[in-house]
Amino acid sequence: MSALLRQIPANIPQDIRKIRIENSHLTELPRGSFENVSALEYLWLNFNNITVMHIKSLEYLLALKELRLQGNKLSSVPWTAFQDTPALKILDLKHNRLDVLPEHALRYLPNLTYLDLSSNQLTVISRDVFYSWPVYQRSQRAEGQIEAISNAVLALHDNPWICDCRLRGFVQFIKSVGPPIILMNSYLTCSSPKFRAGKFFHEVELNSCMKPMTSALDTNLTVPVGLNVTLTCFVQASPSPAVWWTYALKLLRAFNVSTEHISEETIRSELLIPVARPADAGNYTCTAANFLGNTSVAITLHVGAPWASTTSPGWAPIAPAEPGTHVEVRIAKQTVYGITLEWFAVAAAAAEPGETWYTLLVGRYDAAQKDAIYIGPGVNTYSVTDLLPATKYEVCVAVRNQAPRKGQCVVFVTGSDVSQMEQREKLIHIIVIVCAMVLAVPAGMYACTAEARPGCLARCPGACPRRRRGGQAQATGSKESTLDSLPAGSEDGLCRPEGGRGARRPPACEEPGKTRPPHRNSADLY
């Protein structure tokens, strides 16, 4: 007891009849563990850490009457190992991790009078396990005869039984079983499905198993743009099947799918498509499967023409905007790899700003369809990253079910490569201030591309000397004084007067006589 044994001792005397090793560190029963003690009748190995039992671990134990393996970690037992123990009467396997009981499990236990399988992980058992048990077969043959047959105690309680069609035969066996087979606890209870959890076996009536059958009330739907659409399919099956939706061979996200039982064998599954757009049109497939097979039903969705609107290309207006409701958008941050948008909504009188949902549409300016992102209440920023270089993009933010208005879309152009984008980040404010290249775009975004830089900086030599001459700063609020407030890192590439301190000729300034690049106005950027 409580010894630090990690294996069965090899020097056990041959005439030993009883061995008890408990609360030790045994982890397995290897082949021929007791081959030298053939007189053994009682073997107790409770509360160890046995996880593996070799198929020949009980070899040569022809006299063994009692085997107790309570409180170990066995997830399976080699039941054919009991061919070597024909005299076994007591088998205790409670408080293990057994989850399967094969049909032949009791075939080699003809003289068993006590079998304890309680407190394991058994969920489904076939009644054939017990119909092939020699003890049960003898009781059926001796029915109505005077022949005396020994009772056999059977413990099966405290297992997580799944009470569906797969357990039907076993439940019928438990209801009909009687002496000589005696249940230690006849009140076996269901653990699942939920609507049967906690019910006793004698309270449930289980039907036969059935392959799934799927159906839909309407397999061809047409809806206008901007409405929330719910596709519904019904599934009849036993046991309960797994149900999923696919669109264009892609599995749809689970948080848009709800599934519930409306009866014992009928399930309703619903797929929500918020704010339908033309891109959502197509075939949606509802599929159900259980161990008997699978079946599916397809629902075709048509999305009507969008509302007429004067909004920019690529944005399909969702619905007429409600009077007094709009979203104001601005660029809060610009990085090398994308932008961060910030917006706030001025809600209509009937709407609560804290409960407003938004639709964010992102894509190339000339794209027919853009990616839609649905954003819940309380969120008013979003970062658009991983943009392609030298590409014109449009981003719009609107209150869900409304068309975007003026000022709710931002159009911008990315640099031709990362190095140009990094340089643009450093110089964009200087170029805008010195050259007055403020571009009027929705939401007040300032944009300047790499092509505009040479033309902008060409005008610098005339402005810089005037700023330095006399050593006096201009009045507060002027464009030149704004330059002094910029970080030092932002002054790369600025022109300085000749002869002044640190005078140099930056590469960005044009040399006299060189051809000036063609003039680019703000419209060229778009």
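Residues numbered from 1 in each chain as written. Predicted model: local features only at pLDDT ≥ 70, side-chain atom pairs only at ≥ 80, totals over all residues. Heavy atoms only, no water.

### Some words on the environment of Leu188
- Within the secondary structure, Leu188 sits in the loop between strand E10 (181-183) and strand E11 (190-192).
- Distance in space between the C-alpha atoms of Leu188 and Asp158 is 7.5 Å, their sequence separation being 30 residues.
- Beyond its immediate chain neighbours, meaning those up to four positions away, Leu188 contacts Leu156, His157, Trp161, Phe170, Ile174, Lys199, Phe200 and Phe201. (Helix = DSSP H or I, 4+ residues; strand = E, 2+ residues; numbered from the N terminus. Contact = heavy atoms within 4.5 Å.)

### Here's the deal with the sheet that holds strand E15 (residues 242-247)
- On the basis of which strands lie adjacent, the open sheet formed by five strands has the order E13-E20-E19-E15-E16 and mixed pairing. Looking along the sheet, the strands with just one partner apiece sit at the ends: strand E13 (220-223) and strand E16 (250-251).
- Pairing geometry for strand E19 (residues 282-290) and strand E20 (residues 293-303), over nine bridges, is antiparallel. Bridging from a neighbouring strand, Ala288 pairs with Thr295 of E20. (Pairing = 2+ DSSP bridges.)

### A closer look at the packing of aromatic side chains
- Evaluation of the coordinates by the stated rule reveals eleven aromatic pairs.
- Each ring, one from Trp79 and one from Phe82, has its centre 5.9 Å from the other, and the planes form 50 degrees; the classification is tilted. Exposure class is identical for Trp79 and Phe82. Each is buried.
- A ring pair is formed by Tyr136 and Phe173, whose centres lie 5.7 Å apart and whose planes are at 65 degrees; its orientation type is edge-to-face. In this pair, Tyr136 sits in helix H2 (residues 134-141) while Phe173 sits in helix H3 (residues 168-176), placing the two residues 37 residues apart along the sequence.
- Note on Phe173: relative accessible area 0%, which makes it buried.
- Three or more aromatic residues link up through ring pairs in this structure, and these residues are Phe130, Tyr131, Tyr136, Trp161, Phe170, Phe173 and Phe201.
- We note Lys18 situated over the ring of Trp44; from NZ or CZ to the ring centre the distance is 4.7 Å.
- A cation over an aromatic ring shows up here: Lys392 above the ring of Tyr365, its NZ or CZ 4.1 Å from the ring centre. (Phe/Tyr/Trp six-rings, centres within 6.5 Å; stacked < 30°, edge-to-face > 60°. Buried < 20%, exposed > 50% of the residue type's maximum accessible area, 1.4 Å probe, protein only. Lys NZ or Arg CZ within 6 Å of the ring centre and 35° of its normal.)

### Regarding the confidence of the model for the protein
- Scored by pLDDT, the protein comes out at a mean of 76, with 69% of its residues at no less than 70.
- Taken as a whole, residues 307-324 scores under 50 in pLDDT and shows 55 contacts with residues more than four places along the chain or in a different chain.
- Across residues 517-526, where pLDDT falls below 50, the model places 16 contacts with residues more than four positions away in sequence or in other chains. (pLDDT = per-residue confidence, 0-100.)

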